[in-house]
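Examination of the molecular architecture
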Amino acid sequence: MRALWYVRPGRLEWRESPEPRITDPAAAIVRPVAVATCDLDGWIVRGEIPAPGPFPVGHEFVAEVVEVGEAVTGVAPGDRVSVPFQISCGRCGPCRAGLTGRCRAVPSGSAYGMGPLSHGMQWGGAVADLILVPYADDMCVPVPADLDAAALAGLSDNLVDGWRTVAPYLSGPGETADARVLVFGGGSGGLYAAGVAAALGAEVTYVDRAESRCAVAERLGARAICEPAGRKYPSHPIVVHTSRNQDTLRTALRSTSSAGVCTDTGIFFNGDVALPLLEMYVKGVTFVTGRIDARAAMPAALDLITSGRLDPSPVVGERAPWDQAPAAWAEHTSRLVLTRT
């Protein structure tokens, strides 16, 4: 079969790969119909982070189930599903506790389409004719066939990453009385955070130097401030930082109110960052960082979409047909979704 491989910055190519086979009765084979570039994919293809190729790419996707093992009961051939980027069994202690990104059944960091960033585990990438899903009943999340697959592709990663930065503090046991959210953008993750927060009724301020992303944030219901984040902003109880700029992260922390929470999804590959710890200590700021446990968050995020409260389609930037994948993936400047019928 054919799969898309990252070779080096600015270069991707189709390569022939063995077709997956079901050897475990709990597994399934799926056919991707929409694959989105994660923010991480853009950094990789531009050579901005240490991820040497070659390796297969793609980890945010919606797919159609093609074949299932005899033990699979939750999905059937023909079903449309979203598959989390992380491999998780759903049965071990961490998975049962909702820590699906820390599954004990597979090597740490196991994921689709990340090559060396998933500790060298080659689960394949989502830009492929077929993909093996090892724990189908636990990993496959059915999605309505009438919803735009391109808009749903982010549910595998960036959409739920945005969801976790705001939703726990706007609904449920962790809900804050002050529903104001400040988002520092830098990619699709910040836009999803802004959209989820607005869908949950929050007053959202979005800060980003990119006019194109600011326009999307306003379509999602946020008030956008289009400028480099070089100053302290009015204190907010819920703050989200999604860029990879150290100064912007410090600005985000200093703009977090007393007893507030600041979540960072930016990923700093170049080393440690000096934080305003004394100010955070005095104010009692909670700082959250780390990978999303994608599978655990997917049902709640999907419910926001299927209920009509959240329309994630404005975040879809560029679209390209499947056969144009090598050039489109290498040249994309905003979020890209590859689609096929």
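Note that the structure is predicted; figures quoted are calculated from it, not measured.

About the thresholds
Residues numbered from 1 in each chain as written. Predicted model: local features only at pLDDT ≥ 70, side-chain atom pairs only at ≥ 80, totals over all residues. Heavy atoms only, no water. Helix = DSSP H or I, 4+ residues; strand = E, 2+ residues; numbered from the N terminus. Rg over C-alpha atoms; globule rule 2.2 N^0.38 Å. Buried < 20%, exposed > 50% of the residue type's maximum accessible area, 1.4 Å probe, protein only. Contact = heavy atoms within 4.5 Å. Areas by Shrake-Rupley, 256 points an atom, 1.4 Å probe, with all protein chains shown as cover. Lys, Arg positive; Asp, Glu negative; His and termini not counted. Charge placed at Lys NZ, Arg CZ, Asp CG, Glu CD. Core = buried A, V, L, I, M, F, W, Y, C linked by side-chain atoms within 4.5 Å. Axes fitted to C-alpha atoms, helices over the stretch in contact; angles between N-to-C directions. Parallel < 35°, antiparallel > 145°, perpendicular 65-115°, else oblique. Nonpolar A, V, L, I, M, F, W, Y, C, P; charged D, E, K, R; others polar. Patch = residues over 30% accessible without salt bridge, like charges linked within 9 Å, V, L, I, M, F, W, Y side chains within 5 Å. Salt bridge = Lys/Arg side-chain N within 4 Å of Asp/Glu carboxyl O.

1. Examining the overall build of the protein
- When its secondary structure is counted, the protein shows eleven helices and 16 strands.
- In terms of C-alpha radius of gyration, the protein reaches 19 Å, essentially the compact-globule figure of 20 Å for 341 residues.
- Each principal axis of the C-alpha distribution contributes one length, and for the protein these read about 55 × 40 × 35 Å.
- Counting all 341 residues of the protein, 56% fall into the buried class.
- Relative to all contacts within the protein whose residues are 6 or more apart in sequence, the contacts with residues 24 or more apart total 67%.
- Accessible surface computed for the protein: about 13,900 Å², of which carbon and sulfur atoms make up 50%.
- Of note, the protein has its 30 positive side-chain charges centred 5 Å away from the centre of its 36 negative side-chain charges.

2. Considerations on the nonpolar core
- In terms of nonpolar packing, the biggest core is built from 99 residues, with F61, V127, V181, W329 and L338 touching the most fellow members.
- Excluding anything up to four places from it in sequence, F61 contacts V30, A34, V35, V81, S82, V83, Y112, A126, I131, A153 and S156.

3. Description of the packing of helix α5 (residues 158-170) against helix α10 (residues 294-306)
- One way to put it is that α5 packs onto α10 with a least axis distance of 9 Å and a crossing angle of 85°. The angle between α5 and α10 falls in the class roughly perpendicular. Two secondary-structure elements touch here, α5 through L159, V160 and W163 and α10 through A294, A297, M298, A300, A301, L304 and I305.
- Tallied by class, the residues present in the contact of α5 with α10 amount to ten nonpolar, no polar and no charged.

4. Points about a nonpolar patch on the surface
- Together, L278, Y281 and V282 give the surface a local cluster of nonpolar side chains, amounting to about 420 Å² of exposed area.
- Inspection of the secondary structure puts L278 in helix α9 (residues 277-283).
- Taking the relative accessible area as the measure of exposure, L278 reaches 64% and is therefore exposed.

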